[in-house]
Amino acid sequence: QVQLVESGGGLVQAGGSLRLSCAASGRTFSSYGLAWFRQAPGKEREFVAGISWSGGSTYYADSVKDRFTISRDNTKNTVYLQMNSLKPDDTAVYYCAANSYELWYARSREYEYWGQGTQVTVSS
């Protein structure tokens, strides 16, 4: 069983930055594929960024490309999402997700484990 705990959300002005963290339990963290998803009020959950087990492969949604960076530290069992140049449209609950397949996927059904989410609010 894997437990994921997100932190780092908050309120920020447009153009600002936040860094989300997701700490995971489990001895096999280094073999997990990881991703960040988000869900805004009244909208479906959407893929934001994914990273493979080694960090060698990453992928971003077009809406966040060149603004967000996903990374992981397997020695700390933690995945990060650095968010720069934030926009009001980035306002959402951000979720960390993990799978045991070593790779990232853009589909939420490919992830077995989910965190409880952290709220990010960007004011204009």
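Look up a bit, the structure's there.
As the structure is a prediction and not an experimental result, all values here were calculated from the model. (Residues numbered from 1 in each chain as written. Predicted model: local features only at pLDDT ≥ 70, side-chain atom pairs only at ≥ 80, totals over all residues. Heavy atoms only, no water.)

## Section: unusual backbone geometry
Turning to step 1, where the next piece is worked out: One non-glycine residue, D66, lies in positive phi territory at about 75 degrees.
Turning to step 2, where the next piece is worked out: In this structure, D66 sits in the loop between β6 (58–60) and β7 (68–73).
Turning to step 3, where the next piece is worked out: Given a relative accessible area of 80%, D66 falls into the exposed group.
Turning to step 4, where the next piece is worked out: Not every positive phi belongs to a glycine, and S85 is a case in point at roughly 50 degrees. (Helix = DSSP H or I, 4+ residues; strand = E, 2+ residues; numbered from the N terminus. Buried < 20%, exposed > 50% of the residue type's maximum accessible area, 1.4 Å probe, protein only.)

## Observations concerning the state of the cysteines
Turning to step 1, where the next piece is worked out: Under the definition given, this model contains one disulfide.
Turning to step 2, where the next piece is worked out: One disulfide in the model links C22 with C96; its S-S distance is 2.2 Å. On the sign convention where negative means left-handed, the S-S torsion of about -80 degrees between C22 and C96 marks this disulfide as left-handed. Placement of the pair is C22 in strand β3 (residues 18–24) and C96 in strand β9 (residues 92–99), with a sequence separation of 74 residues.
Turning to step 3, where the next piece is worked out: Given a relative accessible area of 1%, C22 falls into the buried group. (Disulfide = S-S within 2.5 Å.)

## With respect to the sheet that holds strand β8 (residues 78–83)
Turning to step 1, where the next piece is worked out: An order of β1-β3-β8-β7 is seen for the four strands of this open sheet, with the pairing classed as antiparallel. Both outer strands of the open sheet, β1 (4–7) and β7, are each paired with one neighbouring strand and no more. Direction aside, the axes of adjacent strands within the sheet are offset by 15 degrees on average.
Turning to step 2, where the next piece is worked out: Two strands pair when backbone bridges link them, and β7 and β8 are joined in this way by six bridges, in the antiparallel orientation. Paired with R72 across the bridge in β8 is V79. (Pairing = 2+ DSSP bridges. Axes fitted to C-alpha atoms, helices over the stretch in contact; angles between N-to-C directions.)

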